[in-house]
Amino acid sequence: MMNIFEGLFQSKEERERRFQEYSKKIFPYGEGQRQKIKDILYALAGKKNGAQLMMHYLLIKEAMIDSETKDYEAIAARIEKKKLIKLTPELRACVRLLIYKDLEADESLNYPTPEELKAQAAKEGGNHNG
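Since the model is a prediction, treat every value here as computed from it, not as a measurement.

Draft legend 1. Structural view of the overall build of the protein. Secondary structure summary: the protein contains six helices and zero strands in total. Counted from the first residue to the last, the protein has its helices and strands arranged as α-α-α-α-α-α. Computed over C-alpha atoms, the radius of gyration of the protein comes to 15 Å, within 12% of the 14 Å expected from 2.2 N^0.38 for 130 residues, which places it in the range of a compact globule. Here the C-alpha coordinates of the protein stretch approximately 50 × 35 × 35 Å along the principal axes. Buried residues in the protein amount to 36% of all 130 residues. Within the protein, contacts between residues at least 6 apart in sequence are counted, and of these 65% link residues at least 24 apart. Computed over 23 positive and 21 negative side-chain charges, the inter-centroid distance for the protein is 6 Å.

Below, the structure written as structure tokens:
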């Protein structure tokens, strides 16, 4: 995430360029990919908590992309300390499963449904790190 003051001293064009770079990094397959992820997360968290879950997801995904070790559990634990959203073990497992699917995604954008994620999370016993 960019420094909070950086945006204040950038031109509109520079801010737009940086946003486009960030968007391309997080969603290399564009708006369709972003919308699919958003739809899944909002279906999992409900409209009331969808935005918080999306922010939580984006922070983890960016850290995973930037990480050399790709240690999901350590990254997720660090992000969860920010307490953007209260996660149930099921929701935590769904986010983890979706991140891995998303990182492996190609232009076909074949993602599991929220129901499939919940079923997979239940099969794994909800909380993967516990």
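Draft legend 2. Up close: unusual backbone geometry. Even without being glycine, Lys 70 reaches a positive phi, approximately 55°. For Lys 70, the position within the fold is in the loop between α3 (50–66) and α4 (72–80). Taking relative accessible area as the criterion, Lys 70 reaches 38% and is therefore assigned partly exposed. Although it is not a glycine, Leu 109 sits at a positive phi angle of roughly 50°. You can see Leu 109 is positioned in the loop between α5 (89–103) and α6 (114–123).

Draft legend 3. Examining the pattern of salt bridges more closely. Counted under the stated rule, the structure contains eight salt bridges. Between Arg 17 and Glu 14 there is a salt bridge, and its shortest N-O distance comes to 2.6 Å. Linking Arg 17 with Glu 14, this pair stays in helix α1 (residues 12–26), spanning three residues, or about one helical turn. The class for Arg 17 is partly exposed, based on a relative accessible area of 38%. The class for Glu 14 is partly exposed, based on a relative accessible area of 25%. Salt bridges here are not isolated pairs; linked through shared partners, they connect Glu 14, Arg 17 and Glu 21.

Draft legend 4. Region of interest: the layout of surface pockets. Size it by volume and the second largest pocket reaches roughly 200 Å³. Lining the second largest pocket are Phe 19, Gln 20, Tyr 22, Ser 23, Lys 24, Phe 27, Gly 30, Glu 31, Arg 34, Met 54 and Leu 58. For the lining of the second largest pocket, the secondary structure elements donating two or more residues are α1, α2 (31–45) and α3. For the lining of the second largest pocket, the element with the most residues is α1, which contributes five residues. The residue inventory of the lining of the second largest pocket, partitioned by class, reads five nonpolar, three polar and three charged.

What counts, and where the lines are drawn
- Residues numbered from 1 in each chain as written.
- Predicted model: local features only at pLDDT ≥ 70, side-chain atom pairs only at ≥ 80, totals over all residues.
- Heavy atoms only, no water.
- Helix = DSSP H or I, 4+ residues; strand = E, 2+ residues; numbered from the N terminus.
- Rg over C-alpha atoms; globule rule 2.2 N^0.38 Å.
- Buried < 20%, exposed > 50% of the residue type's maximum accessible area, 1.4 Å probe, protein only.
- Contact = heavy atoms within 4.5 Å.
- Lys, Arg positive; Asp, Glu negative; His and termini not counted.
- Charge placed at Lys NZ, Arg CZ, Asp CG, Glu CD.
- Salt bridge = Lys/Arg side-chain N within 4 Å of Asp/Glu carboxyl O.
- 1 Å grid on protein atoms, 1.4 Å probe; cavity = no way out; pocket = protein on both sides within 12 Å on 5 of 7 lines; lining within 4 Å.
- Points joined across faces, edges and corners; volume = space filled by probe spheres on them.
- Nonpolar A, V, L, I, M, F, W, Y, C, P; charged D, E, K, R; others polar.

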